[in-house]
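Structural overview
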Amino acid sequence: SQTIHQWPATLVQPVGSPLSLECTVEGTSNPNLYWYRQAAGRGLQLLFYSVGIGQISSEVPQNLSASRPQDRQFILSSKKLLLSDSGFYLCAWSQGTSNQPQHFGDGTRLSIL
Amino acid sequence: SQELEQSPQSLIVQEGKNLTINCTSSKTLYGLYWYKQKYGEGLIFLMMLQKGGEEKSHEKITAKLDEKKQQSSLHITASQPSHAGIYLCGAPPGGADGLTFGKGTHLIIQP
């Protein structure tokens, strides 16, 4: 069966520091991969998605970037964190065909001080 | 862009009672997904609806998509403490794009 792993579970970072969140999927090949952010009062917002290695689409211009160095690995990064980057970050995957449900990881709680 | 509005925003229900959560789209839905989230955790996929008039059930949870494909409802029968959490509806704009989500309905079950 397929599983998705996100780490770390929680992270406290100072403003201006770099960020790297990692997500890996097991048990499937060529999945679609997604990064979402869930901020209080704002719901779940799609940040990036990827349909293949090196292919990244950005939904919201911002301080963050994403990379997919391997088929089942998705990384969310920032060179300099802002206070507004605080939130709950969720990685998700789906089968590489349309109209398939997305399956989510357990999330990373990011707090910026 | 598509917007999903969920109602109610929060709901407190006595254990054993039935309840309904609604999700209304600003545009025709090409699929509708229901998820459940426990506080501070990831989303758990519940059901997917695609056809107008479609209805699916899993244990005590039933989801429907109306004929016009602009509204979905989630109904829980004989609610239990394990049903507590945040229920979110999500819809795809198409293709491999990510989902647009409603803001969620916070469900509390009172013993």
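Refer to the preceding data block for the structure.
What comes next concerns the included structure. Worth saying up front: this structure is predicted, and the values here are computed from it rather than measured.

Remarks on the interface of chain B and chain A
Counting residues at the interface gives 19 residues for chain B and 22 residues for chain A. Together, the buried faces of chain B and chain A total about 1,600 Å²; carbon and sulfur atoms form 55% of this surface. At the junction of chain B and chain A, the tally comes to 0 salt bridges. In this assembly, chain B and chain A are joined by 4 residue pairs in polar contact (both at pLDDT 80 or more).

What about the nonpolar core?
Ranked by internal contacts, the top residues of the largest apolar core, which has 22 residues, are Leu19, Leu32, Trp34, Leu74, Tyr87 and Leu107 of chain B. Listed by contribution, the elements that provide at least two residues to this core are strand S2 (10–14), strand S3 (19–25), strand S4 (32–37), strand S5 (43–49), strand S7 (61–65), strand S8 (71–76), strand S9 (85–91) and strand S11 (105–110) of chain B. Setting aside its immediate chain neighbours within four residues, Leu32 of chain B contacts Cys23, Met47, Met48, Leu49, Leu65, Ser72, Cys89, Gly90 and Ala91 of chain B. Ranked by size, the runner-up nonpolar core spans 20 residues in total, among them Leu47, Phe74, Leu81 and Ile112 of chain A.

Re the pattern of salt bridges
Taken as a whole and judged by the stated rule, the model has 4 salt bridges over all chains. Arg37 of chain A serves as the salt-bridge partner of Asp85 of chain A, at 3.8 Å between the closest nitrogen and oxygen. Placement of the pair is Asp85 of chain A in the loop between strand S8 (73–78) and strand S9 (87–94) and Arg37 of chain A in strand S4 (residues 32–39), with a sequence separation of 48 residues. You'll find Asp85 of chain A and Arg37 of chain A in the same group, each marked buried. The salt bridge partner of Glu55 of chain B is Lys64 of chain B, with a shortest N-O separation of 3.9 Å. Judged by relative accessible area, Glu55 of chain B falls into the partly exposed class, the value being 47%.

Concerning the sheet that holds strand S1 (residues 3–7) of chain A
Residue and element names in this part refer to chain A. Across the sheet, which stays open at both edges, the 4 strands sit in the order S1-S3-S8-S7 with antiparallel pairing between neighbours. Each of the sheet's edge strands pairs with one partner strand only, and the pair in question is S1 and strand S7 (65–70). Averaged over all neighbouring strand pairs, the angle between strand axes comes to 20°, with direction disregarded. As judged from the 4 bridges shared by S7 and S8, these two strands associate in the antiparallel manner. Within S8, the residue paired with Ser67 across the bridge is Ile75.

Reading the values: the criteria
- Residues numbered from 1 in each chain as written.
- Chains lettered and ligands numbered in written order.
- Predicted model: local features only at pLDDT ≥ 70, side-chain atom pairs only at ≥ 80, totals over all residues.
- Heavy atoms only, no water.
- Contact = heavy atoms within 4.5 Å.
- Buried area = accessible area lost by both parts, 1.4 Å probe.
- Salt bridge = Lys/Arg side-chain N within 4 Å of Asp/Glu carboxyl O.
- Polar contact = N/O pair within 3.5 Å; in protein donor to acceptor, adjacent residues only side chain to side chain.
- Core = buried A, V, L, I, M, F, W, Y, C linked by side-chain atoms within 4.5 Å.
- Buried < 20%, exposed > 50% of the residue type's maximum accessible area, 1.4 Å probe, protein only.
- Helix = DSSP H or I, 4+ residues; strand = E, 2+ residues; numbered from the N terminus.
- Pairing = 2+ DSSP bridges.
- Axes fitted to C-alpha atoms, helices over the stretch in contact; angles between N-to-C directions.

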